[in-house]
Amino acid sequence: MSAADFSAKSVDTKIAASHPATWSLVHRHRLRWWEPLPWILAIGYFFLFPNHLGFGTEMLIMVLFALSLDLVLGYAGIVTLGHAAFFGIGAYAVGMLAQHGIWSEPISGLAIAAVVAAIFGLLSGLVLLRTTGLTLLMLTLSIMLLLEEAANLAQEWTGGYDGLTDVSISPVLGLFEFNPLYPTTQYLYVLCVLFIGFLVVRTIVYSPFGESLTGIRENVLRMHAVGAPVRKRLVICYAISAAIAGVAGALWAQSNAYVNMSTLSLDRAATVLIILVLGGYGRLYGAFVGAVAYMVLAHYLAKLYPTAWQLGLGLMLMTIALFARNGIIGIVENLLARRRGKAPAQGSGS
Amino acid sequence: MSRPLLEARGVGKRFGALVAASDINFRLDVGARHALIGPNGAGKTTFVNLMTGVLTPTQGQVFLDGEDVTAIAQAERVKRGLARTFQINRLFRGLSVLENVYIPVAEQLGAAPGMVRPAGKRKDVIDAAMALLEKLRLQDVAAHKVSELPYGRQRLVEIAIALGLSPKVLLLDEPAAGVPSSESHIILDAIAGLPKDIAVLIIEHDMDLVFRFADRITVLVGGKIFAEGTPKDIAANADVRAIYLGQATHG
């Protein structure tokens, strides 16, 4: 062991990176064979269920919202119960501009929503992310509830309790009309935006920045000790996530043509959290699986047991919490690992 | 006379009425192999925290490579070449061994803020991380989750993370703590193989390791420097034997 070649910089380049042990890190950002599957299914849904596109649009929006939460909760380990704050900000930004006749072009509307939500994420993140754990949880919750109350009080702008009921949006690209009764445009438009949002999140989580976020999640004290600017990274991540959640909220406002206080509510924040836990957090596709599983289940349970459907959801959540901490995706991973006869190489959570 | 890489001048720390460290003068030269010993509660950890910037001293100054870093934060001191390991493992438990080393190397090479290029395409970072793992004979377990390794090899990852920062000064806080004796030779080998040009300060209870490794020893008692000298001086010092060595396993 000579001293000189110990340092991190002087290395024989080719040999190390081709070592078989580096394979999973070197290849993890590459497209896997099953990754087009969700998109094929989403397009299939469009043709198979033309009468349920409204429901489909809602699912796609929740997938995008859950993806934004996955970035902060699943990857960076920021425990938040107030993520609907950004969803609501995006929804109200688009809704107020359209209702008051200021701006109704949809695509730039999404950009505006993203910027407003990102700024709010940045500012609140600078304060909030000084704290962790239960304190952080309560602070994110209270900021969201303050916003909800502000939306209730600023009636002139937000419509108060009744919300904004006349959010008319211009045709997409000047060509495709938004029609809340037959939402083909909405579905495809939301699907395209979801695809872009997904690419953004996927790129970030597989980047060195994403790796450092997982480092913060796994051991924040060590991240300080390796000289990482932890709070700066968390605030950046929080602002990006806020922007994506804002876009999800804006899509919700555009496709429903109204905005109400439910976009900012604890109910929505809890739903997206349940979706992510159900699908599997820190797993990128957990948002897809969770959103579809939750919404389909909620839909049918509500039909079958109109008064007690939430009991079914509660039981399912308890099952997940007790037996499958990594959600549905985690169950699939375990089954695959068992078939290959080894434990999965990577994982979060338990 | 060689240049001090890390120097403490009259450093002290009080927590209210409690004096955790006082009037510590200490220097670590290029290539030093220095050991810090002392009974439990002597202020060894406080001393390390003062050097690394986890704590700010209430008196005195800390110099790193000739510059006053007393008021400079931990992260910035790391960038200037001060790295440490921890007495109790602080690893990224859910990640692979390679990722554990990738993270500090990415910080060191300035790759970590990048959001667009995939981590796997930063071959420079992966190569540097793998080279370190090869030096520490961890290359074969690079893809394993770090929490699945035996404890002795986890301690090596702890050292690998610190080395990934290309330090000028390395503080090893009880590197062999908790390692079963059957595995402790791998820690000794790793420490013996550290690059000669970096200054190393080791805080250790294991006298075997201290006397094998150090060319200079500082004894800390009650937050003050009690004695300093070559291993021979310290071993021959009757006061030190009475206070410290007498209670240890080794005489």
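What you are looking at is a predicted structure, and each value in this text was computed from that prediction instead of being measured.

## Considering the overall build of chain A
Helices and strands together make up the secondary structure of chain A, namely 16 helices and 0 strands. Over its C-alpha atoms chain A spans a radius of gyration of 21 Å, differing by no more than 12% from the 20 Å that the globule rule assigns to 350 residues. Overall, the C-alpha framework of chain A stretches about 75 × 45 × 40 Å when taken along its three principal axes. Looking at chain A residue by residue over its 350 residues, the buried ones come to 49%. Across chain A, the fraction of contacts at a sequence separation of at least 24, relative to all contacts at a separation of at least 6, is 76%.

## A few points about the overall build of chain B
A count of helices and strands for chain B gives 9 helices and 10 strands. By its C-alpha atoms, chain B is 55 × 40 × 40 Å across when sized along the principal axes. Taking contacts inside chain B between residues at least 6 apart in sequence as the whole, the part at least 24 apart equals 66%.

## Some words on the sheet that holds strand 2 (residues 18–29) of chain B
Sheet strands line up and pair through hydrogen bonds in the backbone, either parallel or antiparallel. Residue and element names in this part refer to chain B. The antiparallel open sheet is built from 4 strands, whose spatial order is 2-1-4-5. The open sheet has two edge strands with one neighbour each: strand 2 and strand 5 (67–68). Sheet topology places strand 1 (residues 4–15) next to strand 4 (residues 59–64); 5 bridges connect them, and they run antiparallel. Residue Gly12 lies in a different strand from strand 4, and its bridge partner there is Gln59.

## Here we look at the interface of chain A and chain B
Listed per partner, the contact involves 44 residues of chain A and 53 residues of chain B. Contributions of two or more residues to the side of chain A that touches chain B are made by helix 1 (13–17), helix 2 (23–27), helix 9 (184–205), helix 10 (208–218) and helix 11 (220–225) of chain A. Of the residues assigned to the side of chain A that touches chain B, the class counts are 20 nonpolar, 19 polar and 5 charged.

## With respect to the sheet that holds strand 9 (residues 216–221) of chain B
Residue and element names in this part refer to chain B. With respect to topology, 6 strands assemble into an open sheet ordered 6-7-8-3-9-10, the strand pairing being mixed. Pairing within the sheet leaves two strands with one partner each, and these edge strands are strand 6 (82–84) and strand 10 (224–229). If you compare each strand with its neighbour and ignore which way they point, the axes differ by 20° on average. Bridge count between strand 7 (residues 169–173) and strand 8 (residues 199–203): 5 bridges; the pairing is parallel. When the bridges of strand 8 are listed, Leu172 appears paired with Ile202.

## Thoughts on the domain arrangement of chain B
Residue and element names in this part refer to chain B. The assigned domain composition of chain B is domain 1 (1–81 + 167–251) and domain 2 (90–166). In this structure, domain 1 and domain 2 have C-alpha centres spaced 26 Å apart. Ranked by the residues each element gives to the side of domain 1 that touches domain 2, the list is headed by helix 6 (residues 184–192), at 3 residues. Residue classes in the side of domain 1 that touches domain 2 are distributed as 9 nonpolar, 2 polar and 1 charged.

## Quick notes on the confidence of the model for chain B
Residue and element names in this part refer to chain B. When pLDDT is averaged along chain B, the result is 89; 96% of the residues meet or exceed 70. The weakest mean pLDDT in chain B belongs to helix 9 (residues 238–243) at 82; the strongest belongs to helix 3 (residues 97–108) at 96. Both scores are available for the predicted complex, with the pTM at 0.89 and the ipTM at 0.87.

## Digging into the confidence of the model for chain A
Caution applies to low-pLDDT regions: their predicted coordinates should not be interpreted in detail. With 93% of its residues at a pLDDT of 70 or more, chain A has an overall mean of 89. In the model, residues 1–14 of chain A has pLDDT below 50 throughout and makes 23 contacts with residues more than four positions away in sequence or in other chains.

## Focus on the pairing of strand 4 of chain B
Residues in a regular strand point their side chains to alternate faces of the sheet. Taken together, the 2 bridges between strand 4 of chain B and strand 5 of chain B define a ladder with antiparallel strand orientation. When the bridges of strand 5 of chain B are listed, B:Phe63 appears paired with B:Asp68.

## Thoughts on the environment of B:Lys224
All names here are of chain B. You can see Lys224 is positioned in strand 10. A tally of 16 C-beta atoms within 10 Å means that Lys224 is categorised as partly exposed. Measuring from C-alpha to C-alpha, the distance between Lys224 and Thr45 comes to 13 Å, with 179 residues separating the pair along the chain. Setting aside residues no more than four positions away along its own chain, Lys224 makes contact with Ser22 and Asp23.

## Observations regarding unusual backbone geometry
Positive phi is not limited to glycine here, since A:Ala257 has a value of about 60°. Structurally, A:Ala257 can be placed in the loop between helix 12 (230–256) and helix 13 (266–279).

## So, helix 6 of chain B
All names here are of chain B. For helix 6, the complete set of buried residues consists of Ile187, Ala190 and Ile191. Angular distribution of buried residues about the axis of helix 6 spans 95°; they occupy a single face of the element. Along helix 6, the residues that are exposed and aim more than 90 degrees away from the buried face are His185 and Ala192. Buried positions along helix 6 lie against helix 5 (151–163) and helix 7 (207–213).

## Some details on the environment of A:Leu251
All names here are of chain A. Turning to its location among the elements, Leu251 is positioned in helix 12. The spatial distance from the C-alpha of Leu251 to the C-alpha of Ala150 is 22 Å, given a sequence separation of 101 residues. When residues no more than four places from it in sequence are discounted, the contact partners of Leu251 are Ile61, Val190 and Val193.

## Observations concerning the packing of helix 9 of chain A against helix 12 of chain A
Residues and elements named next belong to chain A. With their axes 11 Å apart at the nearest point, helix 9 and helix 12 run at an angle of 175° to one another. In this view, helix 9 runs roughly antiparallel relative to helix 12, as classed from their interaxial angle. Packed against helix 9, whose contacting residues are Gln186, Val190, Val193, Gly197, Val201 and Ile204, the element helix 12 presents Ile240, Ile244, Val247, Leu251 and Ser255 at the interface. Residue classes in the contact of helix 9 with helix 12 are distributed as 8 nonpolar, 3 polar and no charged.

## Concerning the environment of A:Phe46
Checked against the element boundaries, A:Phe46 lands in helix 3 (residues 37–48). For the pair A:Phe46 and A:Leu137, spaced 91 residues apart in the sequence, the C-alpha separation amounts to 38 Å.

## Topic: the packing of helix 10 of chain A against helix 3 of chain B
Direction vectors running N to C along helix 10 of chain A and helix 3 of chain B enclose 115°, while the axes themselves pass 10 Å from each other. The element helix 10 of chain A and its partner helix 3 of chain B pack so that their crossing is left-handed. Side by side, helix 10 of chain A and helix 3 of chain B meet where A:Pro208, A:Glu211, A:Ser212 and A:Gly215 of the first sit next to B:Glu99, B:Tyr102, B:Ile103 and B:Ala106 of the second. Considering only residue class, the contact of helix 10 of chain A with helix 3 of chain B consists of 4 nonpolar, 2 polar and 2 charged.

## As for the pairing of strand 1 of chain B
Residue and element names in this part refer to chain B. Relative to strand 2, strand 1 runs antiparallel, the two sharing 8 bridges. Residue pairing across strands places Arg14 opposite Val19, the latter belonging to strand 2. What sits between strand 1 and strand 2 in their antiparallel hairpin is a turn of 2 residues, with Gly16 showing a positive phi close to 60°.

Analysis parameters
Residues numbered from 1 in each chain as written. Chains lettered and ligands numbered in written order. Predicted model: local features only at pLDDT ≥ 70, side-chain atom pairs only at ≥ 80, totals over all residues. Helix = DSSP H or I, 4+ residues; strand = E, 2+ residues; numbered from the N terminus. Rg over C-alpha atoms; globule rule 2.2 N^0.38 Å. Buried ≥ 20, exposed ≤ 12 C-beta atoms within 10 Å, placed from the backbone. Contact = placed C-beta atoms within 7 Å. Pairing = 2+ DSSP bridges. Nonpolar A, V, L, I, M, F, W, Y, C, P; charged D, E, K, R; others polar. Axes fitted to C-alpha atoms, helices over the stretch in contact; angles between N-to-C directions. Domains from an automatic or database assignment. pLDDT = per-residue confidence, 0-100. Arc of directions from axis to C-beta. Parallel < 35°, antiparallel > 145°, perpendicular 65-115°, else oblique. Left-handed = near helix turned anticlockwise from the far one by under 90°.

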